[in-house]
Amino acid sequence: MEQYIMKGGNPLVGDVTISGAKNAAVAILPAALLINGTCTINNLPNISDVKIYCEILENLGAKIHWNSTNELTIDTRNIDTTEAPIDLTSKFRASYYIIGAMLGRKGEIEVGMPGGCKLGARPIDQHIKGFEALGANVDIGQGKIIAKAKKLKGASIYMDITSVGATINAMLAAVLAEGTTTIDNAAKEPHVVDVANFLNSMGAKIRGAGTDVIRIKGVEKFGDCQYSIIPDQIEAGTFMTAAVATKGDIMIKNVIPKHLEAISAKLIEIGAEVVEFDDAVRVSATKRLESTNIKTLPYPGFPTDMQPQMAVTLALSNGTSVISESIFENRFRYVDELTKMGATIQVDGRTAIISGVEGFTGADVHAPDLRAGAALVIAGLSAKGFTTVSDIGYIYRGYEQFEQKLKQLGGEIQLVNNEKEVAKFKLKIG
Ligand code: UD1
């Protein structure tokens, strides 16, 4: 029964350093399959999704050497199977990138249907549309996806929905295809740009990543490379809301402030202080904040992955706020948990109406998914009394050293494994 226990009430104060971006890492690791050589990846977040990805790649024949906690060298010269382990690939969503990468590398792949956080139906039709446009055949059945292509040929792909995953997958499959590919209505998220930069660093010819039209000129092969992953926009945003919800003052280092603009704008709007530096933001709040309305949107709009953390902040603010979730149909599963802590939130379909309360009280809650898990920890750190958050395996998927970073900021939080440890924590903290 691994869980976090915390006693809320301390304002989080101090410096925190943000890790590399999870959503870039889980695309860059499989992208290394395209090299048929070696590459060194730096600023890699040491999180469970990355570790599972490494296992998948090793199962395919890659050799991985960790040079340090956040850097590895991957040798993809001996990829000797086109069957990815189903138990591992069906564990998380981003395993779908194996398809694009292996179509490019071997013209064939069999993987389990991608799993991941349960935020709604999460179809992969746009991924398949991209693969098929490039000349692949895709069969789905019995929990597996089998994709094959004799030869991939450049094509025009129009995405009916702006999808991060489908955009990156189309890039992965197109970089070694013959001819030119155009992806229209492409996703513009920072990690889409980072993956394009990684592919370009090994010799791909991708232009326009970060705009809604990406053009890719296929090349014949890639060379070895070294690459450093961008900082995680969502981890940074999570600490920004943690500063505000606990009325603290945090200097958040190793960030790209431009990627945080939508989050900064909303925090400033409700009365928080956000000061930008070249590669840091300082976020603080000294008083109870005001309400606002938020609609989640593709980048540069407000990120859906920050929606639960922002809901926690608004649930403590003065007045009524409305959050509209436009990306996923079922992303308010944490509301019942937050209600146990005293939040007043009414959910109607994809809309949450939040009536701010003065404070939360501690409760035993469980994490329904990754970002909601982090949001509940922030709620616990701002609540009166003790809170436990269980199902924290979700949090490990995306946050490196979460508990340690929060502790360093003065948060009273600990990982516990049994009732005895819970009792010990309560006795110690008092
Ligand atoms: C990625 C992120 C996730 C983030 C999400 C939105 C990774 C590994 N995960 O997820 O953290 O919450 O972007 O910013 O990068 N859709 C379809 N058909 C498709 C693909 C998507 O209908 O083929 C829909 C989805 O159900 C969703 C919307 O499009 O409603 C956006 O999803 P998408 O951008 O693809 O998200 P993911 O790549 O799954």
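Residues numbered from 1 in each chain as written. Predicted model: local features only at pLDDT ≥ 70, side-chain atom pairs only at ≥ 80, totals over all residues. Heavy atoms only, no water.

### Section: the environment of Ile230
Line of reasoning, step 1. Structurally, Ile230 is set in the loop between β13 (225-228) and α8 (233-245).
Line of reasoning, step 2. Along the primary structure Ile230 and His191 are separated by 39 residues, whereas in three dimensions their C-alpha atoms are 7.7 Å apart.
Line of reasoning, step 3. In this structure, Ile230 is in contact with Gly20, Ala21, Asn43, Pro190, His191, Asp194, Ile256 and His259, ignoring residues within four places of it in sequence. (Helix = DSSP H or I, 4+ residues; strand = E, 2+ residues; numbered from the N terminus. Contact = heavy atoms within 4.5 Å.)

### Some remarks on the site of the ligand
Line of reasoning, step 1. Neighbouring residues of the ligand: 22 residues in total, closest Tyr96, Gln126, Ser163, Asp305 and Ile327.
Line of reasoning, step 2. The side chain of Asp125 places a nitrogen or oxygen atom 2.7 Å from a nitrogen atom of the ligand.
Line of reasoning, step 3. One of the backbone N or O atoms of Ile327 is found 2.5 Å from an oxygen atom in the ligand.
Line of reasoning, step 4. In the complex, 90% of the free accessible area of the ligand, which totals 730 Å², lies under the protein chains.
Line of reasoning, step 5. Mapped by element, the contributors of at least two residues to the shell around the ligand are α1 (22-31), α5 (125-133) and α6 (164-174).
Line of reasoning, step 6. Looking at the shell around the ligand, the element that brings in the most residues is α5, giving 3 residues. (Near = heavy atom within 4 Å. Polar contact = N/O pair within 3.5 Å; in protein donor to acceptor, adjacent residues only side chain to side chain. Areas by Shrake-Rupley, 256 points an atom, 1.4 Å probe, with all protein chains shown as cover.)

### Notes on the nonpolar core
Line of reasoning, step 1. Membership of the largest hydrophobic core comes to 82 residues, with the highest contact counts inside it found for Ile41, Ile98, Met171, Phe198 and Leu199.
Line of reasoning, step 2. Ignoring any residue separated from it by four or fewer positions in sequence, one finds Ile98 in contact with Pro30, Leu33, Tyr53, Ile56, Leu57, Leu60, Ala84, Ile109 and Val111.
Line of reasoning, step 3. Within the second largest apolar cluster, 68 residues are counted, among which are Leu267, Ala315, Phe360 and Leu381. (Core = buried A, V, L, I, M, F, W, Y, C linked by side-chain atoms within 4.5 Å. Buried < 20%, exposed > 50% of the residue type's maximum accessible area, 1.4 Å probe, protein only.)

### Quick notes on the sheet that holds strand β23 (residues 412-416)
Line of reasoning, step 1. Taking strand neighbours across the sheet as the criterion, the 4 strands line up as β21-β22-β1-β23 in an open arrangement whose pairing is mixed. Either end of the sheet is taken by a strand with one partner, and the two such strands are β21 (364-366) and β23. Each strand of the sheet is rotated relative to its neighbour by a mean of 20°, with strand direction disregarded.
Line of reasoning, step 2. Here strand β1 (residues 3-7) runs beside strand β22 (residues 386-390); their pairing, made up of 5 bridges, is antiparallel. Across the sheet, residue Met6 finds its bridge partner in β22, namely Thr387. (Pairing = 2+ DSSP bridges. Axes fitted to C-alpha atoms, helices over the stretch in contact; angles between N-to-C directions.)

### So, the pairing of β13
Line of reasoning, step 1. Here β13 shows a clear split, with Cys225 and Tyr227 buried on one side and none of Gln226 and Ser228 buried on the other.
Line of reasoning, step 2. Bridge count for strand β3 (residues 38-42) against β13 is 4 bridges, and the pairing is parallel. Considered in β13, the bridge of Asn42 is made with Ser228.

### A short note on the side chain of Ser19
Line of reasoning, step 1. Along the chain, Ser19 turns up in the loop between β2 (13-17) and α1.
Line of reasoning, step 2. A relative accessible area of 8% means that Ser19 is categorised as buried.
Line of reasoning, step 3. Of note is the side chain of Ser19, whose polar atom sits 3.1 Å from the side chain of Glu400.
Line of reasoning, step 4. Those residues in contact with Ser19 that lie beyond four places of it in its chain are Asn43, Pro45, Pro231, Asp232, Glu235, Glu400 and Lys405.

### Points about the pattern of salt bridges
Line of reasoning, step 1. One pass over the full model with this rule turns up 17 salt bridges.
Line of reasoning, step 2. Of the charged contacts, one joins Lys253 and Asp15 as a salt bridge, the two residues approaching to 3.0 Å between their closest N and O atoms. Here Asp15 lies in strand β2 and Lys253 lies in strand β14 (residues 249-253), a separation of 238 residues in the sequence.
Line of reasoning, step 3. For Asp15, a relative accessible area of 39% puts it in the partly exposed group.
Line of reasoning, step 4. Note that Lys188 and Asp212 form a salt bridge whose closest N and O atoms lie 3.7 Å from each other. Separated by 24 residues along the polypeptide, Lys188 in the loop between β10 (180-184) and α7 (190-201) and Asp212 in the loop between β11 (205-207) and β12 (213-217) bring together distant segments of the chain.
Line of reasoning, step 5. Residue Lys188 is classed as partly exposed on the basis of its relative accessible area of 24%.
Line of reasoning, step 6. Classification of Asp212 by relative accessible area gives partly exposed; the value is 39%. (Salt bridge = Lys/Arg side-chain N within 4 Å of Asp/Glu carboxyl O.)

### Structural notes on unusual backbone geometry
Line of reasoning, step 1. Along the chain, Tyr299 connects to Pro300 via a cis peptide bond; the corresponding omega equals 10°.
Line of reasoning, step 2. Phi at Asn36 is positive, roughly 60°, even though this residue is not glycine.
Line of reasoning, step 3. In this structure, Asn36 sits in the loop between α1 and β3.
Line of reasoning, step 4. Although it is not a glycine, Gln142 adopts a positive phi angle of roughly 50°.
Line of reasoning, step 5. Residue position: Gln142 is located in the loop between β7 (137-141) and β8 (144-148).

### Quick notes on the sheet that holds strand β6 (residues 108-112)
Line of reasoning, step 1. The strand order across the open sheet formed by 3 strands is β6-β8-β7, and the pairing between neighbours is antiparallel. Looking along the sheet, the strands with just one partner apiece sit at the ends: β6 and β7. Geometrically, the sheet is characterised by an average inter-axis angle of 10° between neighbouring strands, direction not taken into account.

### Here's the deal with the packing of α8 against helix α12 (residues 370-382)
Line of reasoning, step 1. Packing of α8 against α12 leaves a shortest axis separation of 9 Å and a crossing angle of 20°. By the angle class used here, α8 and α12 are roughly parallel. Considering the relative orientation of α8 and α12, their crossing is right-handed. Of the residues in α12, those touching α8 at Ile234, Thr238, Thr241, Ala242 and Ala245 are Arg371, Ala374, Ile378 and Ser382.
Line of reasoning, step 2. Here the residues of the contact of α8 with α12 sort into 5 nonpolar, 3 polar and 1 charged. (Parallel < 35°, antiparallel > 145°, perpendicular 65-115°, else oblique. Left-handed = near helix turned anticlockwise from the far one by under 90°. Nonpolar A, V, L, I, M, F, W, Y, C, P; charged D, E, K, R; others polar.)

### As for the pairing of strand β19 (residues 344-348)
Line of reasoning, step 1. The pairing of β19 with strand β20 (residues 351-355) spans 5 bridges and is classified as antiparallel. Residue pairing in the sheet places Thr344 in a bridge with Ser355 of β20.
Line of reasoning, step 2. Taken together, β19 and the strand that follows it, β20, pair antiparallel across an intervening segment of 2 residues, in which Gly349 is found at a positive phi of about 65°.

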